Amino acid sequence: VSEFHSGDQLAGKSVVISAGGTREALDPVRYLGNRSSGKQGVALAKAAASQGAHVTLLAGAMDIQAPTHHNITVVRIESTQELLDAVMQHAPHKDALIMAAAVADFRPASVTNEKIKKEDDAAAPTIVLEQTEDVLRTSVERRATGQPLPRVIIGFAAETGDEEISPLEYGRAKLQRKGCEILVVNEVGVGKVFGQDDNDVTILFANGREEISVQGSKDVVAKAIIEQLALALA
Ligand code: CTP
Ligand code: CA
């Protein structure tokens, strides 16, 4: 696409990017998923590759095709556990990890081997959930214990505000909690962000660098994030 002018901002760097949504199995045919389109993660992968990075794209469920580009290696993942395993396999010794995937917070506590049946007069089943592992936080924590995980870890946060607290304030608190270097915050609501082509984000930095807000297509947003990544790695 014409938005991606090639350059060498990330020449010689390798970046792992997660994109799309996770799916958590309930039985062999059903899962709990989310509405992530994968567009922002794919735009990031293309923007990074066009700046000379080697990209490993950890792709969950997406509305769009995974990109084909000589600098992008695509690894398909389904569940949060598979994503965590893929991050731990591919991210060591890389320069950056960007967690653009919409990762499930909860999964069914048990998965049945047979399809759940409906019976005429039996009550509907109750689905018990348990928390998934937080891939982003686990990455930051394991790096702190000496594992060779990327020096720049970027998270995304989809935030809604309420009467007292703005989406951005929730984002700033999340940056602290997650312990990553950069957090990209976007405001979500019905019809906002998920599946849309445009995005409106604020880039927050743990090192006190001034917040940057970016409006535009997901390609424009991706380019701005990749530029900030290149600065952070310089
Ligand atoms: N994330 C993750 N593993 C999870 C959940 C989220 O790695 N199990 C990552 C996402 O990829 C994203 C960041 O954490 O980069 C923030 O996700 P978000 O859903 O906004 O934050 P949560 O910590 O899950 O908090 P909440 O959903 O309650 O706002
Ligand atoms: Ca979440």
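Residues numbered from 1 in each chain as written. Chains lettered and ligands numbered in written order. Predicted model: local features only at pLDDT ≥ 70, side-chain atom pairs only at ≥ 80, totals over all residues. Heavy atoms only, no water.

1. Overview of the coordination of the calcium ion (ligand 2)
Working step 1: Surrounding the calcium ion (ligand 2) are the protein donor atoms Asp-105 (OD) and Asp-105 (OD), at 2.4 to 2.5 Å.
Working step 2: Structurally, Asp-105 is set in the loop between strand E6 (96-99) and strand E7 (106-108). (Donors = N, O, S within 2.8 Å, 3.2 Å for Na, K, Ca; no water. Helix = DSSP H or I, 4+ residues; strand = E, 2+ residues; numbered from the N terminus.)

2. Some thoughts on the pattern of salt bridges
Working step 1: This structure, assessed with the given rule, holds 7 salt bridges.
Working step 2: In this structure, the salt-bridge partner of Glu-130 is Arg-107, at a minimum N-O distance of 2.8 Å. A residue pair is termed long-range when its members are at least 10 positions apart, and Glu-130 in strand E8 (residues 129-131) and Arg-107 in strand E7 qualify at 23 residues.
Working step 3: The exposure class assigned to Glu-130 is partly exposed, which follows from its relative accessible area of 30%.
Working step 4: Its relative accessible area of 22% is what places Arg-107 among the partly exposed residues.
Working step 5: For the salt bridge of Arg-137 with Glu-141, the shortest nitrogen-to-oxygen distance reads 3.8 Å. With Arg-137 and Glu-141 both in helix H3 (residues 135-144) and 4 residues apart, this pair spans about one turn of that helix.
Working step 6: The class for Glu-141 is partly exposed, based on a relative accessible area of 47%. (Salt bridge = Lys/Arg side-chain N within 4 Å of Asp/Glu carboxyl O. Buried < 20%, exposed > 50% of the residue type's maximum accessible area, 1.4 Å probe, protein only.)

3. Digging into the sheet that holds strand E11 (residues 198-205)
Consider a sheet: its strands pair through backbone hydrogen bonds, and that pairing is either parallel or antiparallel.
Working step 1: Strand order in the open sheet formed by 8 strands is E5-E4-E1-E6-E9-E10-E11-E12, and the pairing between neighbours is mixed. Of all strands in the sheet, those with a lone pairing partner are strand E5 (72-76) and strand E12 (212-217), marking the two edges. Pairwise comparison of adjacent strand axes, ignoring direction, gives a mean angle of 20° for this sheet.
Working step 2: Note that strand E4 (residues 54-59) and E5 share 5 bridges and pair parallel. Note on E5: the bridge partner recorded for Ala-59 is Arg-76.
Working step 3: Lying over the sheet, helix H4 (residues 167-178) contacts strand E9 (152-159), strand E10 (182-187) and E11, oriented at roughly 155° with respect to E10. (Pairing = 2+ DSSP bridges. Axes fitted to C-alpha atoms, helices over the stretch in contact; angles between N-to-C directions. Contact = heavy atoms within 4.5 Å.)

4. Overview of the packing of helix H2 (residues 80-90) against H3
When two helices pack together, their arrangement is captured by the angle between the axes and the distance separating the axes.
Working step 1: Put simply, H2 and H3 touch, their axes get as near as 10 Å, and they point 30° apart. Between H2 and H3, the angle falls in the class roughly parallel. Crossing hand, H2 versus H3: right-handed. Facing H2, whose interface residues are Thr-80, Leu-83, Leu-84, Val-87 and Met-88, H3 presents Val-135, Thr-138, Ser-139 and Arg-142.
Working step 2: Residues belonging to the contact of H2 with H3 are distributed by class as follows: 5 nonpolar, 3 polar and 1 charged. (Parallel < 35°, antiparallel > 145°, perpendicular 65-115°, else oblique. Left-handed = near helix turned anticlockwise from the far one by under 90°. Nonpolar A, V, L, I, M, F, W, Y, C, P; charged D, E, K, R; others polar.)

5. Some thoughts on the packing of aromatic side chains
Working step 1: A full pass over the atoms with the stated rule returns 0 aromatic pairs.
Working step 2: A cation sits over an aromatic face here: Arg-209 above Phe-205, 5.5 Å from the ring centre. (Phe/Tyr/Trp six-rings, centres within 6.5 Å; stacked < 30°, edge-to-face > 60°. Lys NZ or Arg CZ within 6 Å of the ring centre and 35° of its normal.)

6. Notes on unusual backbone geometry
Working step 1: Backbone geometry at His-93 places phi at a positive 70°, although glycine is not the residue there.
Working step 2: Locating His-93 in the fold gives a position in the loop between H2 and E6.
Working step 3: Take His-93: its relative accessible area is 66%, and that puts it in the exposed class.

7. Some details on the site of ligand 1
Working step 1: For ligand 1, the set of nearby residues contains 16 residues, the closest of which are Met-99, Leu-136, Phe-156, Lys-174 and Lys-178.
Working step 2: Note that an oxygen atom of ligand 1 is positioned 2.9 Å from one of the backbone N or O atoms of Ala-101.
Working step 3: Between Phe-156 and ligand 1, the recorded distance is 2.9 Å, taken from a backbone N or O atom to an oxygen atom.
Working step 4: A total of 570 Å² of accessible area belongs to ligand 1 in isolation, and the protein chains cover 76% of it.
Working step 5: Elements that contribute at least two residues to the shell around ligand 1 include exactly H3, E9 and H4.
Working step 6: Counting residues per element, the shell around ligand 1 draws most heavily on E9, at 4 residues. (Near = heavy atom within 4 Å. Polar contact = N/O pair within 3.5 Å; in protein donor to acceptor, adjacent residues only side chain to side chain. Areas by Shrake-Rupley, 256 points an atom, 1.4 Å probe, with all protein chains shown as cover.)

8. Details of H2
Working step 1: Taken as a whole, H2 has its buried residues at Thr-80, Leu-83, Leu-84, Ala-86, Val-87, Met-88 and His-90.
Working step 2: Contacts made by the buried residues of H2 are with strand E1 (14-19), strand E2 (24-25), E4, E5, E6 and H3.

Just geometry here; none of it tells us what the structure is for.
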